[in-house]
Amino acid sequence: MQAKLIKLNDEDAGQRIDVFLANFDDSKTRSMYKKLIEEGYVSVNGSAAKASYKLNAGDMIEIREKESKRFEKIDMDIKVLYEDDDIAVIDKPRGLIVHPTNDEEISLVNFLLYRFTSLSNIDETRPGIGHRLDKDTSGLLIIAKNNEAHEKMKELFKSREIYKEYITIAVGNFDDEVTLVDKGIMRDPIKKIKMCASDEGKRAISEIHLLKQNDDYSYLKVIIKTGRTHQIRVHLAYLNHPVLGDRTYGYRGKIKMDGQVLHCRKVSFIHPITNNLIEIESEVPAYFKEALIKTNLYKAKDLQ
(Lines give C-alpha, C1' and ligand atoms only; values in the text may rest on other atoms or scores of the structure.)
Protein backbone atom coordinates (compact mmCIF):
# COMPACT_ATOMS: atom_id res chain seq x y z
CA MET A 1 0.00 0.00 0.00
CA GLN A 2 1.46 3.36 -1.02
CA ALA A 3 1.87 6.14 1.54
CA LYS A 4 2.43 9.89 1.37
CA LEU A 5 4.75 11.58 3.89
CA ILE A 6 4.43 15.25 4.82
CA LYS A 7 6.85 17.02 7.17
CA LEU A 8 5.24 20.03 8.84
CA ASN A 9 6.77 23.49 8.48
CA ASP A 10 6.83 26.05 11.30
CA GLU A 11 4.17 28.23 9.65
CA ASP A 12 1.63 25.37 9.56
CA ALA A 13 1.88 24.58 13.28
CA GLY A 14 -1.25 25.05 15.37
CA GLN A 15 -3.74 23.93 12.70
CA ARG A 16 -6.11 20.99 13.11
CA ILE A 17 -4.79 18.13 11.02
CA ASP A 18 -8.02 17.72 9.00
CA VAL A 19 -8.02 21.44 8.14
CA PHE A 20 -4.36 21.37 7.17
CA LEU A 21 -4.73 18.32 4.92
CA ALA A 22 -7.75 19.76 3.09
CA ASN A 23 -5.77 22.97 2.40
CA PHE A 24 -2.61 21.06 1.51
CA ASP A 25 -4.37 18.78 -1.01
CA ASP A 26 -7.61 20.12 -2.47
CA SER A 27 -8.41 16.83 -4.23
CA LYS A 28 -10.27 15.84 -1.05
CA THR A 29 -12.56 17.83 1.23
CA ARG A 30 -12.07 18.28 4.96
CA SER A 31 -14.85 15.78 5.67
CA MET A 32 -13.17 13.23 3.39
CA TYR A 33 -9.89 13.64 5.27
CA LYS A 34 -11.75 13.41 8.56
CA LYS A 35 -13.16 10.06 7.47
CA LEU A 36 -9.71 8.83 6.43
CA ILE A 37 -8.38 9.85 9.84
CA GLU A 38 -11.24 8.09 11.66
CA GLU A 39 -10.64 4.92 9.63
CA GLY A 40 -6.95 4.90 10.61
CA TYR A 41 -5.34 5.86 7.32
CA VAL A 42 -3.55 8.91 8.76
CA SER A 43 -0.83 8.90 11.43
CA VAL A 44 1.39 11.53 13.03
CA ASN A 45 4.90 10.59 14.11
CA GLY A 46 3.98 6.93 13.80
CA SER A 47 0.80 7.05 15.91
CA ALA A 48 -2.82 7.07 14.77
CA ALA A 49 -4.11 10.62 14.42
CA LYS A 50 -7.35 12.25 15.56
CA ALA A 51 -9.11 14.87 13.45
CA SER A 52 -8.89 17.36 16.32
CA TYR A 53 -5.11 16.99 16.71
CA LYS A 54 -3.29 20.34 16.44
CA LEU A 55 -0.06 20.08 14.53
CA ASN A 56 3.39 20.96 15.80
CA ALA A 57 6.43 22.08 13.82
CA GLY A 58 8.41 19.08 12.62
CA ASP A 59 5.49 16.62 12.84
CA MET A 60 5.66 13.85 10.25
CA ILE A 61 2.25 13.03 8.76
CA GLU A 62 1.77 9.74 6.95
CA ILE A 63 -1.27 9.21 4.73
CA ARG A 64 -1.87 5.67 3.51
CA GLU A 65 -4.01 5.17 0.42
CA LYS A 66 -7.15 3.12 0.77
CA GLU A 67 -7.12 -0.05 -1.27
CA SER A 68 -9.44 0.36 -4.23
CA LYS A 69 -12.20 -2.22 -4.50
CA ARG A 70 -13.11 -0.98 -7.98
CA PHE A 71 -11.02 -3.54 -9.88
CA GLU A 72 -10.81 -6.29 -7.28
CA LYS A 73 -11.71 -9.73 -8.66
CA ILE A 74 -14.72 -11.02 -6.73
CA ASP A 75 -16.72 -14.19 -7.32
CA MET A 76 -20.50 -13.72 -7.19
CA ASP A 77 -23.54 -15.90 -7.70
CA ILE A 78 -24.26 -14.60 -11.20
CA LYS A 79 -25.39 -16.77 -14.10
CA VAL A 80 -23.58 -16.61 -17.44
CA LEU A 81 -26.26 -17.66 -19.91
CA TYR A 82 -24.15 -17.41 -23.07
CA GLU A 83 -20.44 -17.13 -23.83
CA ASP A 84 -18.10 -17.36 -26.81
CA ASP A 85 -14.77 -15.78 -27.74
CA ASP A 86 -16.27 -12.34 -28.34
CA ILE A 87 -19.29 -11.77 -26.12
CA ALA A 88 -21.16 -13.09 -23.11
CA VAL A 89 -24.67 -12.59 -21.77
CA ILE A 90 -25.08 -12.51 -18.00
CA ASP A 91 -28.14 -12.38 -15.76
CA LYS A 92 -27.57 -9.41 -13.43
CA PRO A 93 -29.15 -9.74 -9.99
CA ARG A 94 -31.17 -6.99 -8.43
CA GLY A 95 -29.35 -4.61 -6.07
CA LEU A 96 -25.99 -4.64 -7.88
CA ILE A 97 -24.65 -1.58 -9.72
CA VAL A 98 -23.12 -2.26 -13.14
CA HIS A 99 -20.03 -0.11 -12.67
CA PRO A 100 -18.70 1.83 -9.65
CA THR A 101 -18.81 5.59 -9.17
CA ASN A 102 -16.08 5.54 -6.52
CA ASP A 103 -13.20 3.31 -5.50
CA GLU A 104 -15.08 1.72 -2.60
CA GLU A 105 -18.11 0.40 -4.45
CA ILE A 106 -18.53 -3.24 -5.33
CA SER A 107 -20.10 -3.63 -8.75
CA LEU A 108 -20.66 -6.06 -11.61
CA VAL A 109 -17.19 -5.08 -12.84
CA ASN A 110 -15.67 -7.02 -9.93
CA PHE A 111 -17.43 -10.20 -11.07
CA LEU A 112 -16.54 -9.68 -14.73
CA LEU A 113 -12.86 -9.37 -13.87
CA TYR A 114 -13.09 -12.59 -11.82
CA ARG A 115 -15.05 -14.58 -14.39
CA PHE A 116 -13.54 -13.55 -17.75
CA THR A 117 -9.88 -13.54 -18.79
CA SER A 118 -10.53 -11.07 -21.59
CA LEU A 119 -12.76 -7.96 -21.62
CA SER A 120 -12.97 -4.91 -23.85
CA ASN A 121 -11.08 -1.91 -22.51
CA ILE A 122 -12.33 0.98 -24.64
CA ASP A 123 -13.38 2.53 -21.34
CA GLU A 124 -10.85 1.23 -18.81
CA THR A 125 -13.14 2.13 -15.90
CA ARG A 126 -15.93 -0.07 -17.32
CA PRO A 127 -14.27 -3.19 -18.76
CA GLY A 128 -16.59 -5.22 -20.96
CA ILE A 129 -19.59 -2.97 -20.42
CA GLY A 130 -21.29 -1.36 -23.40
CA HIS A 131 -24.74 -0.81 -21.90
CA ARG A 132 -26.21 -0.89 -18.42
CA LEU A 133 -29.15 -1.69 -16.18
CA ASP A 134 -30.16 0.31 -13.10
CA LYS A 135 -29.03 -1.03 -9.74
CA ASP A 136 -32.47 -2.42 -8.84
CA THR A 137 -33.31 -3.62 -12.34
CA SER A 138 -32.41 -7.25 -12.87
CA GLY A 139 -31.85 -9.25 -16.00
CA LEU A 140 -29.85 -9.71 -19.16
CA LEU A 141 -26.73 -7.73 -19.93
CA ILE A 142 -24.45 -8.21 -22.96
CA ILE A 143 -20.71 -8.20 -22.22
CA ALA A 144 -18.00 -7.49 -24.82
CA LYS A 145 -14.85 -9.59 -24.46
CA ASN A 146 -12.77 -7.59 -26.93
CA ASN A 147 -12.76 -4.11 -28.45
CA GLU A 148 -13.96 -5.18 -31.89
CA ALA A 149 -17.06 -6.80 -30.42
CA HIS A 150 -17.58 -3.78 -28.17
CA GLU A 151 -17.56 -1.32 -31.07
CA LYS A 152 -19.87 -3.45 -33.20
CA MET A 153 -22.29 -4.03 -30.32
CA LYS A 154 -22.32 -0.27 -29.78
CA GLU A 155 -23.41 0.18 -33.40
CA LEU A 156 -26.16 -2.42 -33.00
CA PHE A 157 -27.53 -0.53 -30.00
CA LYS A 158 -27.28 2.79 -31.83
CA SER A 159 -29.14 1.44 -34.89
CA ARG A 160 -31.78 -0.19 -32.64
CA GLU A 161 -31.02 -3.68 -33.91
CA ILE A 162 -31.09 -5.33 -30.49
CA TYR A 163 -34.44 -6.65 -29.27
CA LYS A 164 -34.90 -6.01 -25.54
CA GLU A 165 -37.91 -7.33 -23.66
CA TYR A 166 -38.70 -6.52 -20.03
CA ILE A 167 -41.34 -7.63 -17.58
CA THR A 168 -42.68 -5.41 -14.82
CA ILE A 169 -45.64 -4.80 -12.52
CA ALA A 170 -47.35 -1.42 -12.68
CA VAL A 171 -50.01 0.23 -10.57
CA GLY A 172 -53.56 0.35 -11.97
CA ASN A 173 -55.33 -1.02 -15.04
CA PHE A 174 -54.80 -0.73 -18.79
CA ASP A 175 -57.71 -0.43 -21.20
CA ASP A 176 -55.82 -1.87 -24.17
CA GLU A 177 -53.88 -5.07 -24.73
CA VAL A 178 -51.06 -3.06 -26.33
CA THR A 179 -50.11 0.55 -25.52
CA LEU A 180 -47.49 2.38 -27.56
CA VAL A 181 -45.69 5.27 -25.86
CA ASP A 182 -43.69 7.58 -28.14
CA LYS A 183 -42.52 10.33 -25.82
CA GLY A 184 -39.15 12.02 -25.45
CA ILE A 185 -37.07 11.67 -22.28
CA MET A 186 -34.73 14.24 -20.79
CA ARG A 187 -33.00 15.06 -17.51
CA ASP A 188 -35.45 16.52 -14.98
CA PRO A 189 -34.64 20.26 -14.81
CA ILE A 190 -35.33 20.38 -11.05
CA LYS A 191 -34.31 16.98 -9.67
CA LYS A 192 -31.17 16.11 -11.60
CA ILE A 193 -31.10 12.48 -10.44
CA LYS A 194 -34.39 11.88 -12.28
CA MET A 195 -35.44 11.81 -15.91
CA CYS A 196 -38.77 13.11 -17.17
CA ALA A 197 -41.06 12.68 -20.17
CA SER A 198 -40.88 15.72 -22.45
CA ASP A 199 -41.29 16.58 -26.12
CA GLU A 200 -37.97 18.39 -25.77
CA GLY A 201 -36.17 15.17 -24.81
CA LYS A 202 -34.58 12.48 -26.96
CA ARG A 203 -37.12 10.30 -28.69
CA ALA A 204 -38.08 7.19 -26.70
CA ILE A 205 -40.46 4.44 -27.78
CA SER A 206 -41.92 1.74 -25.51
CA GLU A 207 -44.38 -0.95 -26.56
CA ILE A 208 -46.38 -2.09 -23.52
CA HIS A 209 -48.20 -5.45 -23.61
CA LEU A 210 -50.74 -6.36 -20.95
CA LEU A 211 -50.15 -9.92 -19.68
CA LYS A 212 -52.53 -9.98 -16.73
CA GLN A 213 -54.24 -7.53 -14.37
CA ASN A 214 -56.57 -7.24 -11.41
CA ASP A 215 -58.26 -4.28 -9.76
CA ASP A 216 -55.01 -2.81 -8.48
CA TYR A 217 -52.03 -3.98 -10.53
CA SER A 218 -50.98 -4.95 -14.04
CA TYR A 219 -48.37 -7.50 -15.10
CA LEU A 220 -46.69 -6.17 -18.24
CA LYS A 221 -44.26 -7.07 -20.98
CA VAL A 222 -42.45 -4.01 -22.31
CA ILE A 223 -40.44 -3.97 -25.53
CA ILE A 224 -38.23 -0.92 -25.79
CA LYS A 225 -37.38 0.37 -29.25
CA THR A 226 -34.88 2.86 -27.82
CA GLY A 227 -32.60 2.71 -24.80
CA ARG A 228 -32.98 5.92 -22.82
CA THR A 229 -32.06 6.22 -19.16
CA HIS A 230 -34.93 4.98 -16.92
CA GLN A 231 -37.10 4.69 -20.06
CA ILE A 232 -39.67 2.14 -18.86
CA ARG A 233 -39.92 3.71 -15.42
CA VAL A 234 -40.43 7.20 -16.88
CA HIS A 235 -42.95 6.13 -19.54
CA LEU A 236 -45.10 4.19 -17.08
CA ALA A 237 -45.04 7.10 -14.64
CA TYR A 238 -46.03 9.37 -17.54
CA LEU A 239 -49.10 7.11 -18.03
CA ASN A 240 -49.86 7.38 -14.28
CA HIS A 241 -49.00 3.71 -13.84
CA PRO A 242 -45.72 3.81 -11.88
CA VAL A 243 -43.70 0.63 -11.51
CA LEU A 244 -44.27 -1.27 -8.28
CA GLY A 245 -41.61 -0.23 -5.75
CA ASP A 246 -40.31 2.71 -7.81
CA ARG A 247 -40.58 5.59 -5.35
CA THR A 248 -38.35 7.77 -7.55
CA TYR A 249 -41.14 7.95 -10.12
CA GLY A 250 -44.25 8.03 -7.99
CA TYR A 251 -45.03 4.67 -6.41
CA ARG A 252 -46.73 5.27 -3.04
CA GLY A 253 -48.49 1.96 -2.50
CA LYS A 254 -48.78 -0.21 0.59
CA ILE A 255 -46.72 -3.09 -0.81
CA LYS A 256 -43.10 -2.61 0.22
CA MET A 257 -40.37 -3.58 -2.24
CA ASP A 258 -36.66 -2.80 -2.21
CA GLY A 259 -36.68 -0.79 -5.42
CA GLN A 260 -38.56 -1.12 -8.69
CA VAL A 261 -39.87 -4.47 -9.90
CA LEU A 262 -38.34 -4.55 -13.37
CA HIS A 263 -36.55 -7.41 -15.13
CA CYS A 264 -34.92 -7.63 -18.57
CA ARG A 265 -36.17 -11.08 -19.58
CA LYS A 266 -35.10 -11.48 -23.21
CA VAL A 267 -32.56 -10.16 -25.71
CA SER A 268 -32.20 -11.05 -29.37
CA PHE A 269 -29.59 -9.80 -31.85
CA ILE A 270 -27.26 -10.71 -34.69
CA HIS A 271 -23.86 -11.65 -33.29
CA PRO A 272 -21.45 -8.77 -34.01
CA ILE A 273 -18.66 -11.08 -35.24
CA THR A 274 -20.19 -14.36 -36.44
CA ASN A 275 -23.48 -12.88 -37.73
CA ASN A 276 -25.38 -15.74 -36.07
CA LEU A 277 -28.74 -15.05 -34.44
CA ILE A 278 -28.43 -14.95 -30.64
CA GLU A 279 -31.60 -15.28 -28.54
CA ILE A 280 -31.33 -15.46 -24.76
CA GLU A 281 -34.14 -15.61 -22.20
CA SER A 282 -33.74 -15.62 -18.42
CA GLU A 283 -35.94 -17.09 -15.72
CA VAL A 284 -38.29 -14.90 -13.72
CA PRO A 285 -36.29 -14.11 -10.54
CA ALA A 286 -37.50 -14.97 -7.04
CA TYR A 287 -38.13 -11.34 -5.99
CA PHE A 288 -40.35 -10.86 -9.05
CA LYS A 289 -42.37 -13.98 -8.29
CA GLU A 290 -42.79 -12.70 -4.73
CA ALA A 291 -44.15 -9.42 -6.12
CA LEU A 292 -46.61 -11.28 -8.37
CA ILE A 293 -47.91 -13.09 -5.28
CA LYS A 294 -48.05 -9.95 -3.11
CA THR A 295 -50.09 -8.13 -5.75
CA ASN A 296 -52.50 -11.09 -6.06
CA LEU A 297 -51.75 -11.43 -9.75
CA TYR A 298 -50.75 -15.06 -9.19
CA LYS A 299 -50.95 -17.62 -6.41
CA ALA A 300 -47.75 -19.21 -5.15
CA LYS A 301 -48.70 -22.68 -6.52
CA ASP A 302 -49.03 -21.20 -10.04
CA LEU A 303 -45.41 -19.97 -10.03
CA GLN A 304 -43.70 -23.15 -8.89
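Source: prediction; values computed, not measured.

Calculation rules
- Residues numbered from 1 in each chain as written.
- Predicted model: local features only at pLDDT ≥ 70, side-chain atom pairs only at ≥ 80, totals over all residues.
- Heavy atoms only, no water.
- Helix = DSSP H or I, 4+ residues; strand = E, 2+ residues; numbered from the N terminus.
- Rg over C-alpha atoms; globule rule 2.2 N^0.38 Å.
- Buried < 20%, exposed > 50% of the residue type's maximum accessible area, 1.4 Å probe, protein only.
- Core = buried A, V, L, I, M, F, W, Y, C linked by side-chain atoms within 4.5 Å.
- Contact = heavy atoms within 4.5 Å.
- Salt bridge = Lys/Arg side-chain N within 4 Å of Asp/Glu carboxyl O.
- Phe/Tyr/Trp six-rings, centres within 6.5 Å; stacked < 30°, edge-to-face > 60°.
- Patch = residues over 30% accessible without salt bridge, like charges linked within 9 Å, V, L, I, M, F, W, Y side chains within 5 Å.
- Areas by Shrake-Rupley, 256 points an atom, 1.4 Å probe, with all protein chains shown as cover.
- Lys, Arg positive; Asp, Glu negative; His and termini not counted.
- Charge placed at Lys NZ, Arg CZ, Asp CG, Glu CD.

## Observations concerning the overall build of the protein chain
Turning to step 1, where the next piece is worked out: Along its length, the protein chain carries 6 helices and 15 strands.
Turning to step 2, where the next piece is worked out: A globule of 304 residues ought to have a C-alpha radius of gyration of about 19 Å, yet the protein chain, at 24 Å, is considerably larger.
Turning to step 3, where the next piece is worked out: Counting only C-alpha atoms and orienting by the principal axes, one finds that the protein chain spans roughly 75 × 45 × 45 Å.
Turning to step 4, where the next piece is worked out: Classification of the 304 residues of the protein chain by burial places 48% in the buried group.

## Focus: the nonpolar core
Turning to step 1, where the next piece is worked out: Residues Leu108, Leu112, Leu220, Leu236 and Phe269 are the most contacted members of the largest nonpolar core, which totals 43 residues.
Turning to step 2, where the next piece is worked out: The biggest single contributor to this core is helix H3 (residues 108-115), with 5 residues.
Turning to step 3, where the next piece is worked out: If near-sequence neighbours (up to four positions away) are discounted, Leu220 is found in contact with Tyr166, Ile167, Thr168, Ala170, Phe174, Ile208, His209, Leu210, Leu211 and Leu236.
Turning to step 4, where the next piece is worked out: Within the second largest apolar cluster, 17 residues are counted, among which are Leu8, Tyr41, Ala49 and Ala51.

## Observations regarding the pattern of salt bridges
For side chains bearing opposite charge, pairing can occur when the charged atoms are close.
Turning to step 1, where the next piece is worked out: For the structure on display, the rule yields 16 salt bridges.
Turning to step 2, where the next piece is worked out: Its salt-bridge partner being Glu83, residue Arg115 comes within 2.9 Å of it at the nearest N-O pair. On the criterion of sequence distance, the pair formed by Arg115 in helix H3 and Glu83 in strand E5 (residues 79-83) is long-range, its members being 32 residues apart.
Turning to step 3, where the next piece is worked out: Take Arg115: its relative accessible area is 33%, and that puts it in the partly exposed class.
Turning to step 4, where the next piece is worked out: For Glu83, a relative accessible area of 33% corresponds to the partly exposed category.
Turning to step 5, where the next piece is worked out: Of the charged contacts, one joins Asp123 and Arg126 as a salt bridge, the two residues approaching to 3.9 Å between their closest N and O atoms.
Turning to step 6, where the next piece is worked out: For Asp123, a relative accessible area of 32% translates into the label partly exposed.
Turning to step 7, where the next piece is worked out: For Arg126, a relative accessible area of 35% gives the class partly exposed.
Turning to step 8, where the next piece is worked out: One continuous salt-bridge network, built from bridges that share partners, spans Arg132, Asp134, Arg233 and Asp246.

## Some points on the packing of aromatic side chains
Turning to step 1, where the next piece is worked out: By the definition in use, this model includes 4 aromatic pairs.
Turning to step 2, where the next piece is worked out: Ring centres of Tyr287 and Phe288 lie 6.2 Å apart, and the angle between their planes is 65°; on these two criteria the pair is classed as edge-to-face. Per residue, the accessibility class of Tyr287 equals that of Phe288, and both read buried.
Turning to step 3, where the next piece is worked out: Site record: aromatic cluster; members linked through ring pairs are Tyr219, Tyr287, Phe288 and Tyr298.

## A few points about a positive patch on the surface
Turning to step 1, where the next piece is worked out: Together, Lys191, Arg247, Arg252 and Lys256 make up a positively charged patch on the protein surface.
Turning to step 2, where the next piece is worked out: Along the chain, the position of Lys191 falls in the loop between strand E10 (185-187) and strand E11 (195-197).

## Digging into the environment of Lys202
Turning to step 1, where the next piece is worked out: Tracing the chain through its elements places Lys202 in the loop between E11 and strand E12 (205-213).
Turning to step 2, where the next piece is worked out: Along the sequence, Lys202 and Ile185 sit 17 residues apart, while their C-alpha atoms lie 5.4 Å from each other.
Turning to step 3, where the next piece is worked out: Once you skip the residues sitting within four places of it in the chain, Lys202 turns out to touch Gly184, Ile185 and Arg228.

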